[in-house]
Amino acid sequence: MTIRKYLRERFFPHMWCPGCGHGTVLNALVRAIETMGMSRNEIVMVSGIGCSSRITGYVDVHTLHTLHGRALAFATGVKLSKPELNVIVPMGDGDALAIGGNHFIHAARRNIAITALVMNNRIYGMTGGQYSPLSGCDVMAATAPYSTIDPAFDVVALSVAAGATFVARCTTYHVKEMIDILRQAILHEGFSVVEILSQCPTYFGRANKLGDAAEMLRGLKEGTVPVGSEAKQKNPALIERGIFAQQEKPEYCAEYEKIMQRARAGRE
Amino acid sequence: MPSNEHVRFIQGNEACVEGALYAGVEFFAGYPITPSSEIMEHLARRLPRRGGKFIQMEDEIASMCAIIGASLTGRKVLTATSGPGFSLMQEALGYAVMAEIPCVIVNVQRGGPSTGLPTQISQGDVNQARWGTHGDHAIIALTASNHQDVFAMTVEAFNMAETYRTPVVLLFDEVVGHMRERMVLPEPGQIPLVERLRTSVPEGVDYHPYLPREDGRLPMSDFGGVHRYNVTGLYHDMWGFPSDNPKVVHGLIRHLVDKIENNVDSIARYKAYYLEDARTVMVSYGATARSALHVVESQRRKGQKFGLLELQTLWPFPYDIVGEACGRAKQVLVVEMNMGHICAEVKRALTNAGNVFLINRLDGVFISPTDIRQALRLIAGRGV
């Protein structure tokens, strides 16, 4: 029950639809934080706009609910200004990688110690079910009545290429795995990305006839395999989960400390 | 006589940097753009020496967002840009208005629209500073015509940002930004500084980040401190939690506008030259006020009763002060380098708008005293 202290119960019930995966992410996130024994005063959660972004309102840490796509830019200001804070940025798929795509790759490139969560339900939920850059081809959506022709980003490959030093994927079905991965991501000294495959039965599920939340969760269970498993070689359609990159590289705020020392050593 | 160590021969953009450092700026985020880049170049060098943070972001959108984030951790923050970048900043500028985040934005104006005239002067962003971000709101915008005033107005901008918990726009122009002239660095303490008002609510007691005190001010609590609260660009209640309750919405928009509009007199900065008996009053601001003053003084030498009202606060527009200064004049000449942004406000301030004339140039060439004299002849019906 100790996780209750991380929640702002005053603001419940939450605004997500029945069956939405975002509540599961909230649950896993506060459990991950709880295992680390961090003070709530040391945590800043920054989000953008969308269903996923409302997660910040419910967590009793310092919370900054910003503009669509801009969460990482705000978070960069918070983190560089006060590097001792732990900065976590939950985003939706459109939020992080359509309107926020440029901020995403540049935050990754800097390797600034921020944890970016991409809560990927492959749809814009809050605006009524339009396709996102993670929907992929042959998907039905409010703005794709004849199905999508837009290929999806591979969040893992994109993050690695952009310079993120911790990159992982998990799902709302594999909750214990998610807690463990989130914990490692938050503890990582560098830019960490966790893509969380989540279900939106209201829009994505309904438009694509995927059934209710339970059936969509079964889809996440059966459609994903641990990274490096043999099943993936036999069936390339399976999506891998787990940790794809985990390396130490110079972290931005630590490097800026060195710049300050170098500047002070010089003449004013 | 100021000692030599306090005398500088610098660009206006450097005067702005000196003013920001004097005011205690601790964080700058920006993106290169002419004619403002010198501000970020100098701060890239100066800030880390004093423990401040500098970051070059991926664009102006991100720059504006980053300074808001940094401000919430308790820092005095700045960004600098020009027209196209100022356009990109409008979204987050509105966020800073809504969430009441102190921050200062410099716009060294160039010719627009679009990429326009990157290295030439214009004052075409005056109305953008007022209404660039969507929705009803109030804003503070300051300007200056010389480097001593650029310094002073930059300090004022930081002070007003803290006093009113609002973004403040410094609307300089290319001529002031790039021109070099003498500036005397004030002694520490010579210009008073306003520091952030922080809450005295102790840990464990419910802190209401968005409940204004009786005087309208809202004490803040830094991110990382003992009070954990929500900040949002949505309409929000006293805890900062989203609300669409009509009473909450109405109360917040009134508060956001009233805290500025009810303090026009405290926010107004201006300079009056020869206004006491002036029959012709020029109204100008920024670099163009220099040419206007030149004309006013030469007309005075000829015995003509000319005066100048140099505005330094453009928004909120000081209607009463302008009305007072121009009310008795036979004619009012507004000198500015746009199609009449301030001229329209001057007309609104006066009962007889028919004797208000606009003297402008729109071609990127700085308006000279000769240009103004030529316009005077035209207005007098004497031809060119």
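Residues numbered from 1 in each chain as written. Chains lettered and ligands numbered in written order. Predicted model: local features only at pLDDT ≥ 70, side-chain atom pairs only at ≥ 80, totals over all residues.

Novice: I'd like a rundown of the sheet that holds strand β6 (residues 140-142) of chain B, residues and numbers included.
Specialist: Residues and elements named next belong to chain B. In space, the seven strands of this open sheet follow the order β3-β2-β4-β5-β7-β6-β13, with mixed pairing throughout. Edge strands, defined here as strands with exactly one partner in the open sheet, are β3 (53-56) and β13 (313-315). For this sheet, the mean angle separating the axes of adjacent strands, direction not counted, is 20 degrees. In the sheet, strand β2 (residues 27-30) pairs with strand β4 (residues 77-81) via two bridges, with the strands oriented parallel. Note that in β4 the partner of F27 across the bridge is V77. Against the sheet, helix α2 (residues 37-46) touches β2, β3, β4 and β5 (103-109), its axis set at about 140 degrees to β2. (Pairing = 2+ DSSP bridges. Helix = DSSP H or I, 4+ residues; strand = E, 2+ residues; numbered from the N terminus. Axes fitted to C-alpha atoms, helices over the stretch in contact; angles between N-to-C directions. Contact = placed C-beta atoms within 7 Å.)

Novice: I'd like to hear about the interface of chain A and chain B, residue by residue, with values.
Specialist: Residue-level contacts link 35 residues of chain A with 35 residues of chain B. Sorting the residues of the side of chain A that touches chain B by element identifies β2 (62-65), α2 (71-81), α4 (101-110) and α10 (252-265) of chain A as the ones contributing at least two each. A total of eight residues in the side of chain A that touches chain B trace back to one element, the largest contributor, which is α2 of chain A. Partitioning the side of chain A that touches chain B into residue classes produces 15 nonpolar, 13 polar and seven charged. (Nonpolar A, V, L, I, M, F, W, Y, C, P; charged D, E, K, R; others polar.)

Novice: Residues and numbers for unusual backbone geometry, please.
Specialist: Put simply, F12 of chain A and P13 of chain A share a cis peptide bond, and its omega is 5 degrees. Tracing the chain through its elements places P13 of chain A in the segment before α1 (22-36). Across the junction of G112 of chain B and P113 of chain B, the peptide omega takes the value 5 degrees, indicating a cis bond. One can find P113 of chain B in the loop between β5 and α5 (126-131). The backbone of N111 of chain A shows a phi angle near 55 degrees, a positive value even though the residue is not glycine. Mapped onto the elements, N111 of chain A comes out in the loop between α4 and β4 (114-120). Not every positive phi belongs to a glycine, and E100 of chain B is a case in point at roughly 60 degrees. In this fold, E100 of chain B is placed in the loop between α4 (83-99) and β5.

Novice: Can you lay out the domain arrangement of chain B for me, pointing to particular residues and giving the numbers?
Specialist: Residue and element names in this part refer to chain B. When its domains are assigned, chain B resolves into domain 1 (4-184) and domain 2 (268-379). Between domain 1 and domain 2, the C-alpha centre-to-centre distance is 26 Å. The element contributing the most residues to the side of domain 1 that touches domain 2 is α5, with four residues. (Domains from an automatic or database assignment.)

Novice: Would you mind going over the pairing of β4 of chain A in detail, with residue names and values included?
Specialist: Residue and element names in this part refer to chain A. Among the seven residues in β4, seven count as buried, and that is most of the element. Of the two faces of β4, the one carrying I114, A116, V118 and N120 and the one carrying T115, L117 and M119 are both buried. Bridging between strand β3 (residues 86-92) and β4 involves six bridges; their strand directions are parallel. Within β4, the position partnered with G92 by the bridge is M119. The pairing of β4 with strand β8 (residues 192-197) spans six bridges and is parallel. Its bridge partner being in β8, L117 is matched across the sheet by V194. (Buried ≥ 20, exposed ≤ 12 C-beta atoms within 10 Å, placed from the backbone.)

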